[in-house]
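An overview of the molecular structure
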Amino acid sequence: MGKDCKTIVWFRRDLRIEDNPALAAASRDGSVLPVFIWCPEEEGQFQPGRVSRWWLKQSLLHLQKSLKNLGAELVLIRAKTTLSALLDCVNAVGANRLVYNHLYDPISLVRDHNVKLKLAEIGIEVQSYNSDLLFEPWEVKNDNGQAFTTFDAYWEKCLSMQTEVIVFHSPPWCIVNAAAGKGSFENSTVGSLGLENESEKSSNALLGRAWAPNWSNADKAFNEFVEHDLVNYSVDRLRVGGNSTTSLLSPYLHFGELSIRKVFQTARMKQVHFKNEENSVGEESATLFIKALGLREYSRYVCFNHPFAHERLLLPKLKYFPWDTDEANFKAWRQGRTGYPLVDAGMRELWATGWIHNRIRVIVSSFLVKFLLLPWQWGMKYFWDTLIDADLESDILGWHYISGSLSDGHELDRMDSPQIQGFNFDSEGDYVRQWLPELARMPNEWIHHPWDAPASVLRSAGIELGLNYPNPIIDIDLARVRLTESISVMQTSEANEMELNSSSTDEVVFDNSESIMNLSPPPPAPAVNDKNPNPASSSYDQQVPSMRGMAINNAVNRKRPCLVVDEHDRVKGKQAIVVDDDLVSTTGESCATKKQMSVSSGNSFSVPQTSSSISIATPFPFPSQLDYRLQDEADKEDAGDTSSSPESRNKQVTQRKEKDLK
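Definitions and cut-offs
The residue numbering used here restarts from 1 in each chain and proceeds along that chain's sequence as written. The predicted nature of this model means local features are confined to residues of pLDDT at least 70 and side-chain atom pairs, given and counted, to a pLDDT of 80 or more, with totals for whole chains, interfaces and linings taken over all residues. In computing side-chain properties, one takes all heavy atoms of the structure into account and sets aside hydrogens as well as water. Only DSSP runs of H or I covering at least 4 residues are called helices, and only runs of E covering at least 2 are called strands; the numbering of each starts at the N terminus. Burial classes: relative accessible area under 20% of the type maximum marks a residue as buried, over 50% as exposed, and values in between as partly exposed (1.4 Å probe, protein chains only). Contact criterion: two residues are considered in contact whenever any of their non-hydrogen atoms come within 4.5 Å of each other. Under the convention used here, a 1.4 Å probe and the Shrake-Rupley method define accessible areas, while residue burial counts only the protein chains that appear. Every case where a carboxyl oxygen of Asp or Glu lies within 4 Å of a side-chain nitrogen of Lys or Arg is listed as a salt bridge. Expected span, for any helix, means 1.5 Å times one less than how many residues it has. It is the directions from the helix axis to the C-beta atoms that the arc portrays. To define a nonpolar core, start from buried Ala, Val, Leu, Ile, Met, Phe, Trp, Tyr and Cys residues and group those joined through side-chain atoms within 4.5 Å. Scored from 0 to 100, pLDDT reflects the predictor's confidence in each residue. Axis definition: a line fitted to C-alpha atoms, limited for helices to the stretch in contact. Angles are taken between N-to-C directions and run from 0 to 180 degrees. Throughout, the term roughly parallel applies to angles under 35 degrees, roughly antiparallel to angles over 145, roughly perpendicular to angles from 65 to 115, and oblique to all others. Each helix crossing is assigned a hand: it is left-handed if the near helix lies turned anticlockwise from the far helix by less than a right angle, otherwise right-handed if that turn is clockwise. In this classification, the charged set is Asp, Glu, Lys and Arg, the nonpolar set is Ala, Val, Leu, Ile, Met, Phe, Trp, Tyr, Cys and Pro, and all remaining amino acids, among them Gly, are polar. By the criterion applied in these results, polar contacts are pairs of N or O atoms within 3.5 Å in which, for protein atoms, one can donate a hydrogen and the other can accept it, and in which residues neighboring in sequence qualify only through two side-chain atoms.

**What to know about the overall build of the chain**
When you go through the chain residue by residue, the secondary structure sums to 23 helices and seven strands. The proportion of buried residues among the 662 residues of the chain is 57%. Within the chain, counting contacts between residues at least 6 apart in sequence, those at least 24 apart form 85% of the total. When the accessible surface of the chain is totalled, it reaches about 27300 Å², and 50% of it is carbon and sulfur.

Rendered as structure tokens:
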């Protein structure tokens, strides 16, 4: 565009200098104003949690220093709305172009589209780029031009499309800083953004011992993993304890501090290298690691094609599932006091460190949904609040995976015994003992089911069930019965609804969660006129999901529930998505690059006009007074609260369930 071009680079979750397409494009022409806007209110219920904000703070400090060394000052703005902050920046420097890298969560899709439209109205050119994925979601379709509904088919297609050499964007040698003009904007410091308050600093100090945020450290961590740990990844990833079992790259990938192009290309080269050396373990490790990258890609793909997946399960019949909104059970789950050692160890590690192995994520989330019948949205929101690699798209994929909503995920009727899972993945009990010191003296034979241990063993171990360690919150057999009954209620409700509407062609059924809240469905999305394309469009444009084509292929998940306790962690009769790879934050995570593809300006699409149209209100009323930042204090108050025995609790649950069925 020439030397007179003034470009705003809008940083979000792309906090790196290397291979940053938006930054590279801006630095080639004219002057640059790098901007980061902190506007958590726009995120609705998905405002970043404490550990995510801590990571973001450290990353911004490093990015600010890096840009300054290149000649540009990173502008930090605490704003009420992103659009108003961008307009202030445009007016302040007289900018005529805005560039940014794509995001794919539903809130960002709506916000970015509205920003693009508003800036186009005042003549500002807007260009967006792919820095987060290997393939854009709209690029990958089946032979019929439809979105894939299984991961294996999707990833096979992606790998078949990977025929061009991946192009990396080198860091700019220098950046010409855009000089301020007549306008002004409020430039904050990292400290004044409010990413960390005084009460959080003591807890956050512990995070710094285990994690080193920023893009420079991301490269170091990745290189260390590739050189030393990748070769044994296929074996080590199955262990739930220790720091060397997975790559631990997921938070770097979430915040865009590590280029997915670089990660993918390096892993492919190692895969070839291991194959040439006839190192079968190394080759399998590289293959599984690349598959983990694919799962993160798939999480974006699912969310793009189903923008309401953060609120609704994809399988239609699950709308009728009778979730149990028991706040006491939810509290016991998140505090690690369910009486099932592997579940409790995972939840306590999550609170203490902000991270848990993906195998543990699957186990604890499955326990919440299948054993306690608690709304999956509650679990997803808690993971979002507490995980250091909290990633909305990956969270969504993970919770759909264990809730029976994906054709290649866990079936709704599948129950994995925490006891069996414990012996499979923590056979010596080291992981449980690390996070449950009260069970430190329990023999390996009983470590994963202390309720079955003889009284003499419990005495020797210093365990008094119900006092210093809780009894099981629910008996496994009762949990199995409750799940069977709930599936039966779901099937009956679906059949009754179909019968009532058999003569009608305009049936509309919404989640039972929405009826609890008396929520109305989101208003129909207005269609963008095909004949009036966005004047700011470019060959790098981000597409927006079409609400017209949102019909889910019902063949995706036609399952006939028949309760199974799968003690060997497998899905019989089909190949399941394996989501225990470490890059899959909450069951999926990692990646970025695409073959740049021209987007026809005549494409028709529909989007909500405002971010509020994507029902920011939660589908279920979340339990009252859930301030997780005060959980430590709550734990201390409840330390002796084991008054309700499992027998009395199970009796109450059974009575309530019988009443519900009547």
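**Considerations on the side chain of asparagine 204**
Inspection of the secondary structure assignment puts asparagine 204 in helix α6 (residues 198–210). In this structure asparagine 204 comes out as buried when scored by relative accessible area, which is 2%. Residues within four places of asparagine 204 in sequence aside, it is in contact with Arg50, Trp54 and Glu196.

**Details of the environment of lysine 116**
When you line up the elements, lysine 116 lands in helix α4 (residues 106–121). Given a relative accessible area of 7%, lysine 116 falls into the buried group. Distance in space between the C-alpha atoms of lysine 116 and serine 128 is 9.5 Å, their sequence separation being twelve residues.

**Brief notes about the pattern of salt bridges**
A complete count under the given rule lists 21 salt bridges for this structure. The closest approach of N and O atoms between arginine 13 and aspartate 105, which form a salt bridge, is 3.2 Å. Taken as a pair, arginine 13 in the loop between β1 (6–11) and α1 (21–28) and aspartate 105 in the loop between β4 (97–101) and α4 lie far apart in primary sequence, 92 residues in all. Since its relative accessible area comes to 4%, aspartate 105 is described here as buried. A salt bridge links aspartate 416 to arginine 414, with the nearest nitrogen and oxygen atoms 3.0 Å apart. Residue aspartate 416 is classed as buried on the basis of its relative accessible area, which comes to 9%. When its relative accessible area of 5% is taken as the criterion, arginine 414 is described as buried. Salt bridges linked by common partners bring Asp132, Arg296, Arg300 and Asp391 together as one network.

**Regarding helix α3 (residues 82–93)**
Between its first and last C-alpha, α3 extends 17 Å over twelve residues, near the 16 Å set by a 1.5 Å rise per residue. Turning to α3, its buried residues are Thr82, Ala85, Leu86, Cys89, Val90, Ala92 and Val93. When α3 is viewed along its axis, its buried side chains cluster within an angular range of 165 degrees and face the same direction.

**Quick notes on the nonpolar core**
In terms of nonpolar packing, the biggest core is built from 142 residues, with Leu60, Trp333 and Met442 touching the most fellow members. In this structure leucine 60 touches Leu15, Phe36, Leu74, Leu76, Val190, Leu193 and Leu195, once residues within four positions along its chain are discounted. By size, the runner-up hydrophobic cluster in this structure holds 23 residues, among which are Val75, Leu86, Ala95 and Tyr100.

**Notes on the confidence of the model for the chain**
On average, residues of the chain carry a pLDDT of 79, and 73% of them reach 70 or more. Contacts from residues 547–582, a stretch scored under 50 in pLDDT, to residues over four places away or in other chains number 102 contacts. Of the regions scoring below 50 in pLDDT, residues 636–654 engages in 21 contacts with residues more than four places distant in sequence or in other chains.

**Quick word on the packing of helix α2 (residues 50–70) against α6**
Two elements in contact, α2 and α6, have axes whose closest approach is 10 Å; the angle formed by their N-to-C orientations is 65 degrees. Viewed along their axes, α2 and α6 adopt a mutual orientation that is roughly perpendicular. In terms of crossing hand, the pair formed by α2 and α6 is right-handed. For the pair α2 and α6, the contacting residues are Arg50, Val51, Arg53 and Trp54 in the first and Glu200, Ser203, Asn204, Leu207 and Gly208 in the second. Of the residues contributing to the contact of α2 with α6, the split by class is three nonpolar, three polar and three charged.

**Points about the side chain of serine 405**
Examined against the element boundaries, serine 405 turns out to sit in the loop between α16 (392–402) and β6 (414–415). Owing to a relative accessible area of 2%, serine 405 belongs among the buried residues under this scheme. Among the polar contacts listed, one links the side chain of serine 405 to the backbone nitrogen of leucine 314, at a separation of 2.6 Å. One polar contact links the side chain of serine 405 to the main-chain amide nitrogen of leucine 315, over a distance of 3.3 Å.

**Focus: unusual backbone geometry**
For asparagine 214, which is not glycine, the phi dihedral falls at a positive 115 degrees. Topologically, asparagine 214 is positioned in the loop between α6 and α7 (215–229). Take asparagine 214: its relative accessible area is 10%, and that puts it in the buried class. Positive phi is not limited to glycine here, since leucine 248 has a value of about 60 degrees. Inspection of the secondary structure puts leucine 248 in the loop between α8 (233–236) and α9 (250–254).

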